[in-house]
Amino acid sequence: VLFRSIAAVVSLADQTWKEHYTSIIGLKQVEYMLSNFQSEKAILTQIQKGASYYLIKTSFKWFGYFSFVFEENKLFLSKLYVLKAFQGKGFGKLSLQFIKDVAIKRGMNKISLQVNKNNKKSLAFYEMQGFEIIEPIVVDIGNGFVMDDYWMECRLIFN
């Protein structure tokens with residue numbers, strides 16, 4: 001099941017990243033990032049290093065996924081993607097609430113993530129969910145490409 005699930009993530013990544021990022025960073029960078037960060041080999045390596053991947057699905061179709069890793073006192077949300085046809089229906093919000101609950105159960109006091117500076121829709125979504133922009137960051141990912149992002153954090157409240 002694990003390899004079938006990884007194959008599902010690879011397929012969803014290909015669809016969601018091309019739908020969403022081609023207009024922001026261009027197809028060449030999208031394809032470079034997919035082959036280096038969302039191939040079956042790359043995902044398996046991430047899992048072996050402690051990343052958790054989850055598929056989002058209805059009873060008949062996978063339509064999104066997310067991935068996170070625990071770091072010292074925080075959860076780093078590496079990925080949260082939903083196919084365009086399923087966006088705006090509350091699935092991202094439900095997924096993020098699940099992620100917050102997992103972080104709180106593990107005693108984490110915040111969630112951090114990176115969002116492309118030109119990804120206005122995702123920036124607005126995360127701000128509505130309690131995230132704040134901490135600082136701009138530029139990360140060289142090789143082959144002449146960079147990730148030009150904002151570092152965002154959400155402080156968690158324990159009940």
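Everything below is about the structure shown above.
All values reported here derive from a predicted model rather than from experimental measurement.

A.B. asks: Whenever I open this one, the overall build of the protein chain confuses me. Can you help?
C.D. replies: From N to C terminus, the protein chain includes five helices and six strands. Along its sequence from the N terminus, the protein chain presents helices and strands in the succession α-α-α-β-β-β-α-β-α-β-β. Its C-alpha atoms give the protein chain a radius of gyration of 15 Å, within 12% of the compact-globule value 15 Å for 159 residues. Dimensions of the protein chain along its principal axes, counting C-alpha atoms only, are 45 × 35 × 30 Å. When burial is assessed residue by residue, the protein chain has 42% of its 159 residues classed as buried. Counting contacts in the protein chain only where the partners sit at least 6 residues apart, residues at least 24 apart contribute 57% of the total. For the protein chain, the accessible surface area stands at approximately 9000 Å², while carbon and sulfur atoms represent 54% of it. Averaging the locations of the 20 positively and 14 negatively charged side chains of the protein chain gives two centres separated by 7 Å.

A.B. asks: I tried to follow the environment of Leu96 on my own but got confused; where do I start?
C.D. replies: Considering the arrangement of structural elements, one finds Leu96 in helix α4 (residues 91-105). Leu96 sits 59 residues away from Arg155 along the chain, and the two C-alpha atoms are 13 Å apart. In this view, Leu96 contacts Leu77, Phe125, Tyr126, Gln129 and Phe131; residues no more than four positions away in its chain are not counted.

A.B. asks: Looking at this structure, I do not really get the pattern of salt bridges. What am I missing?
C.D. replies: Opposite charge on two side chains permits them to pair, given that their charged atoms come into close proximity. A complete count under the given rule lists four salt bridges for this structure. A salt bridge links Asp14 to Lys18, with the nearest nitrogen and oxygen atoms 3.0 Å apart. Here Asp14 pairs with Lys18, and both are found in helix α1 (residues 2-25), just four residues apart, close to one helical turn. According to the relative accessible area criterion, Asp14 is partly exposed, its value standing at 33%. A relative accessible area of 30% places Lys18 in the partly exposed class. For Asp148, the salt bridge is made with Lys117, and the minimal N-O distance between the two is 2.7 Å. Within this pair, whereas Asp148 is found in strand β6 (residues 145-155), its partner Lys117 is found in the loop between β4 (110-116) and α5 (120-128), the two being separated by 31 residues in sequence. Take Asp148: its relative accessible area is 29%, and that puts it in the partly exposed class.

A.B. asks: Got a minute to help me understand unusual backbone geometry in this structure?
C.D. replies: For residues other than glycine, phi is negative in most cases, and the peptide bonds are mostly trans. A positive phi angle is found at Asn143, which is not glycine, with a value near 60°. Structurally, the position occupied by Asn143 is in the loop between β5 (132-142) and β6. According to the relative accessible area criterion, Asn143 is exposed, its value standing at 61%.

A.B. asks: Would you take a moment to explain the layout of surface pockets for this structure?
C.D. replies: Vacant regions in the atomic arrangement are exposed by a probe of water-molecule size rolled over the atoms. In this structure, the largest pocket encloses a volume near 1200 Å³. The element best represented in the lining of the largest pocket is strand β3 (residues 74-82), accounting for seven residues. When the residues that make up the lining of the largest pocket are grouped by side-chain class, the tally is 25 nonpolar, 16 polar and eight charged.

A.B. asks: How do you make sense of α4 when you look at a structure like this?
C.D. replies: Residue pairs spaced three or four apart in an α-helix point in one direction, given the helix's 3.6 residues per turn. Spanning 15 residues, α4 covers 21 Å between terminal C-alpha atoms, matching the ideal 21 Å at 1.5 Å per step. Within α4, burial applies to Gly92, Ser95, Leu96, Ile99, Lys100, Val102 and Ala103. Buried residues of α4, seen end-on, are gathered within an arc of 160° and therefore sit on one face of the element. In α4, those exposed residues whose orientation departs by more than 90 degrees from the buried face are Lys93, Leu94 and Lys105. Where α4 terminates, the next one or two residues include Gly107, which has phi positive at roughly 80°.

Basis of the calculations
Residues numbered from 1 in each chain as written. Predicted model: local features only at pLDDT ≥ 70, side-chain atom pairs only at ≥ 80, totals over all residues. Heavy atoms only, no water. Helix = DSSP H or I, 4+ residues; strand = E, 2+ residues; numbered from the N terminus. Rg over C-alpha atoms; globule rule 2.2 N^0.38 Å. Buried < 20%, exposed > 50% of the residue type's maximum accessible area, 1.4 Å probe, protein only. Contact = heavy atoms within 4.5 Å. Areas by Shrake-Rupley, 256 points an atom, 1.4 Å probe, with all protein chains shown as cover. Lys, Arg positive; Asp, Glu negative; His and termini not counted. Charge placed at Lys NZ, Arg CZ, Asp CG, Glu CD. Salt bridge = Lys/Arg side-chain N within 4 Å of Asp/Glu carboxyl O. 1 Å grid on protein atoms, 1.4 Å probe; cavity = no way out; pocket = protein on both sides within 12 Å on 5 of 7 lines; lining within 4 Å. Points joined across faces, edges and corners; volume = space filled by probe spheres on them. Nonpolar A, V, L, I, M, F, W, Y, C, P; charged D, E, K, R; others polar. Expected span 1.5 Å × (residues − 1). Arc of directions from axis to C-beta.

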